[in-house]
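# A look at the structure
The lines below spell out each chain.
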Amino acid sequence: DAEVRAMGVAAAAAALRAHGSVSRVALAACERLADLCAEAQNRQAAADAGAIEAIVAAPQAHPQVAGVQQGGCMAMANVCAGFDAAGIARKQRAADAGSIEV
């Protein structure tokens, strides 16, 4: 987990994609992505690395793990932040990936 907390955007997204079925990895990776994507310059890099789809999958894989639910929400909010064209595209990508159930 400490290793994940030290990762950059691409590595954290890759860890989440590869090991999201492990709740402690999903939690650490979501929290790391949330922290990194609080900074605008990291948001598109996270999306390009497949973080949006991995973030959607993490809470779905761990419906009873509150930390993963919270971390996933924080990560998604930060990755999708922004009202420019790229931010709107990230929001649409998140919806297309299943982040919004209707």
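See the structure shown above.
Residues numbered from 1 in each chain as written. Predicted model: local features only at pLDDT ≥ 70, side-chain atom pairs only at ≥ 80, totals over all residues. Heavy atoms only, no water.

### Topic: the overall build of the protein chain
Each helix and strand in the protein chain was counted, giving 7 helices and 0 strands. Along the chain direction, N to C, the helices and strands of the protein chain fall in the order α-α-α-α-α-α-α. Expressed as lengths along the three principal axes of its C-alpha atoms, the size of the protein chain is roughly 35 × 35 × 20 Å. A burial count over the protein chain gives 40% of its 102 residues as buried. (Helix = DSSP H or I, 4+ residues; strand = E, 2+ residues; numbered from the N terminus. Buried < 20%, exposed > 50% of the residue type's maximum accessible area, 1.4 Å probe, protein only.)

### What about the packing of helix α5 (residues 51-61) against helix α6 (residues 66-79)?
Contact geometry of α5 with α6 gives a least axis separation of 8 Å together with a crossing angle of 160 degrees. As summarised for this structure, α5 and α6 are arranged roughly antiparallel, according to the angle between their axes. Every pair of crossing elements has a handedness; the one defined by α5 and α6 is left-handed. When α5 is examined against α6, the residues Ile52, Ile55, Val56, Ala58 and Pro59 are found in contact with a partner set consisting of Val68, Gln69, Gly72, Ala75, Met76 and Val79. Taken together, the residues of the contact of α5 with α6 sort by class into 9 nonpolar, 2 polar and no charged. (Axes fitted to C-alpha atoms, helices over the stretch in contact; angles between N-to-C directions. Parallel < 35°, antiparallel > 145°, perpendicular 65-115°, else oblique. Left-handed = near helix turned anticlockwise from the far one by under 90°. Contact = heavy atoms within 4.5 Å. Nonpolar A, V, L, I, M, F, W, Y, C, P; charged D, E, K, R; others polar.)

### Let's talk about the nonpolar core
Inside soluble globular proteins, nonpolar side chains tend to come together where they are buried. Core analysis: the biggest nonpolar cluster contains 28 residues, and Leu16, Leu33, Ala46, Ile55 and Met76 have the highest contact counts within it. Mapped onto this core, the elements with two or more residues apiece are α2 (9-19), α3 (23-36), α4 (43-48), α5 and α6. The element best represented in this core is α3, accounting for 7 residues. (Core = buried A, V, L, I, M, F, W, Y, C linked by side-chain atoms within 4.5 Å.)

### Here's the deal with the state of the cysteines
Scanning the entire structure with this criterion turns up 0 disulfides. We note that Cys37 lacks a disulfide partner, and the nearest cysteine sulfur, in Cys80, lies 9.2 Å from it. (Disulfide = S-S within 2.5 Å.)

### Concerning the side chain of Arg43
Here Arg43 is to be found in helix α4. One buried charged side chain, Arg43, makes no salt bridge at all; its nearest oppositely charged neighbour is Asp84, positioned 7.2 Å away. From its side chain, Arg43 meets the backbone oxygen of Cys37 in a polar contact 2.9 Å long. Sequence-distant contacts of Arg43, defined by excluding residues within four places in its chain, comprise Cys37, Ala38, Asn78, Val79, Ala81 and Arg90. (Lys, Arg positive; Asp, Glu negative; His and termini not counted. Salt bridge = Lys/Arg side-chain N within 4 Å of Asp/Glu carboxyl O. Polar contact = N/O pair within 3.5 Å; in protein donor to acceptor, adjacent residues only side chain to side chain.)

### A few points about the pattern of salt bridges
The tally for this structure, following the rule as stated, stands at 1 salt bridge. The partner of Arg93 in a salt bridge is Glu53, and the shortest N-O contact between them spans 2.8 Å. Highlighted residues: Arg93 in helix α7 (residues 85-96) and Glu53 in helix α5, separated in sequence by 40 residues.

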